[in-house]
Amino acid sequence: MDFTFTDEQQAAAEAARGVLAGVVPDAVPSPALTAGAVADDFDRPLWATLADADLLSLVAAPEYGGAGLDAIALCLVLREAAKVLARVPLLEHSAAMAAVQAHGGAELRSALLARAGRGEVVLTVAASGRTGHDPAELSVTARQEGQEWVLDGVQTAVPWAYGADLVVVPAHTDVGRTVLALVPRPHAGVALAEQISTTGELLGELRLESARIADRDVIDADGAWEWLRDLLAVGTCALALGLGERVLRMTGDYTSKREQFGYPIATFQAVAVQAADRYIDLRAMEVTLWQAAWRLGTAAQGTLPVSGDVAVAKIWAAEGVRRVVQTAQHLHGGFGADVDYPLHRYHAWAKHLELSLGPASAHEEALGDLLAAHPLA
């Protein structure tokens, strides 16, 4: 079997590396985390550059100015973005576009996709707590009144909420279905309250009080939320992989130069074994990521539903990225805590990704439930 990426997927990754080559990790004024958010907005110049390179329109169909690529191509680009801690809503924006592309109505696709691909409209997703599968667990409710939907509830920790033009909000209805509402910001009945993430970034608590959304801006297709939730999870795994790879490279460079007793500490067995263990973690994160992304982007059938592959990828990503940054901090010694050295920022972002993915034990439990419901042949 051929496991290489397609020419189009590799071209997307190459374009991302070119655009991101000069980006300095967290390239914004960075006060201490206790002082508040790192910045009030995301990196708008980088956003414009990504749009010019057609990296915001990867998932859109050609008729909307996009490349029509799949989840694997998106994950390749996200992997590169995480290596420099790119402060842009690339995951949420692209995942929202993919949901509109796959499940939205023709009018919504025509009105939104081309503009979003050019970066003129910024999208994000209110998907905190996206590990749940029961629609009743969602904190926002929706009811239909004529040609409008009325939304009520609160969603916390919405990423990039203050910089986005539209927030995709999953909401459950009184008949047990889940819809995706594209909520403008600002809008009547919509309010935001500031929250601070583990990285020090500004998040938003989204409050909806009888917010009325036009029917064309609500996606009510069966399975739309479940598909979007899985895509967000796989994309987060890609971010964790890219971040972990850059941190391990930083650790290798440092331990190759730092000497004790006249030898680089990288030559010491205790150091080499720890680095090797983290390399194994990254390779496991990588193979489970590509399996989940492939299953998500195709109609491939398997013994388990795609959510099984996503659960495995999340287990490795959540545990692996934590182990990689902890080992990096240990092997860097006190130098790793120096705020003039970027490792502490990678550590903060890794913790944020780990929390976003949720605990590995929860995914192991979900995987066990799937195995029980789908006995292996």
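Up top is the structure these notes are about.
Residues numbered from 1 in each chain as written. Predicted model: local features only at pLDDT ≥ 70, side-chain atom pairs only at ≥ 80, totals over all residues. Heavy atoms only, no water.

> Looking at this structure, how should I read the pairing of strand β2 (residues 140-145)?
Regular strands place their side chains on alternate faces of the sheet. Alignment of β2 against strand β3 (residues 148-159), held across six bridges, turns out to be antiparallel. Paired with E145 across the bridge in β3 is E148. Taken together, β2 and the strand that follows it, β3, pair antiparallel across an intervening segment of two residues, in which G146 is found at a positive phi of about 65°. (Pairing = 2+ DSSP bridges. Helix = DSSP H or I, 4+ residues; strand = E, 2+ residues; numbered from the N terminus.)

> Explain the nonpolar core to me, please; I cannot follow it from the model alone.
If you look at soluble globular proteins, the nonpolar side chains tend to sit buried side by side. Of all hydrophobic cores here, the largest spans 96 residues; its most connected members are L228 and L243. Per-element tally for this core: the top contributor is helix α6 (residues 224-257), with 16 residues. Among all residues touching L228, those that are not within four sequence positions of it are A95, A96, A99, V125, V168 and L180. Ranked by size, the runner-up nonpolar core spans 19 residues in total, among them V169, V179, V183 and V218. (Core = buried A, V, L, I, M, F, W, Y, C linked by side-chain atoms within 4.5 Å. Buried < 20%, exposed > 50% of the residue type's maximum accessible area, 1.4 Å probe, protein only. Contact = heavy atoms within 4.5 Å.)

> Is there a simple way to explain the packing of aromatic side chains in this structure?
Any aromatic ring pair is given by two values, namely how distant the centres are and how the planes are angled relative to each other. Scanning the entire structure with this criterion turns up five aromatic pairs. Centre to centre, the rings of F335 and Y341 are 4.6 Å apart; their planes meet at 40°, and the pair counts as tilted. In this structure F335 comes out as partly exposed when scored by relative accessible area, which is 37%. Three or more aromatic residues link up through ring pairs in this structure, and these residues are F42, W47 and W160. Across from the ring centre of Y279, 4.9 Å away, lies the NZ or CZ of R283, which sits over that ring. (Phe/Tyr/Trp six-rings, centres within 6.5 Å; stacked < 30°, edge-to-face > 60°. Lys NZ or Arg CZ within 6 Å of the ring centre and 35° of its normal.)

On their own, these measurements won't tell you what the molecule is for.
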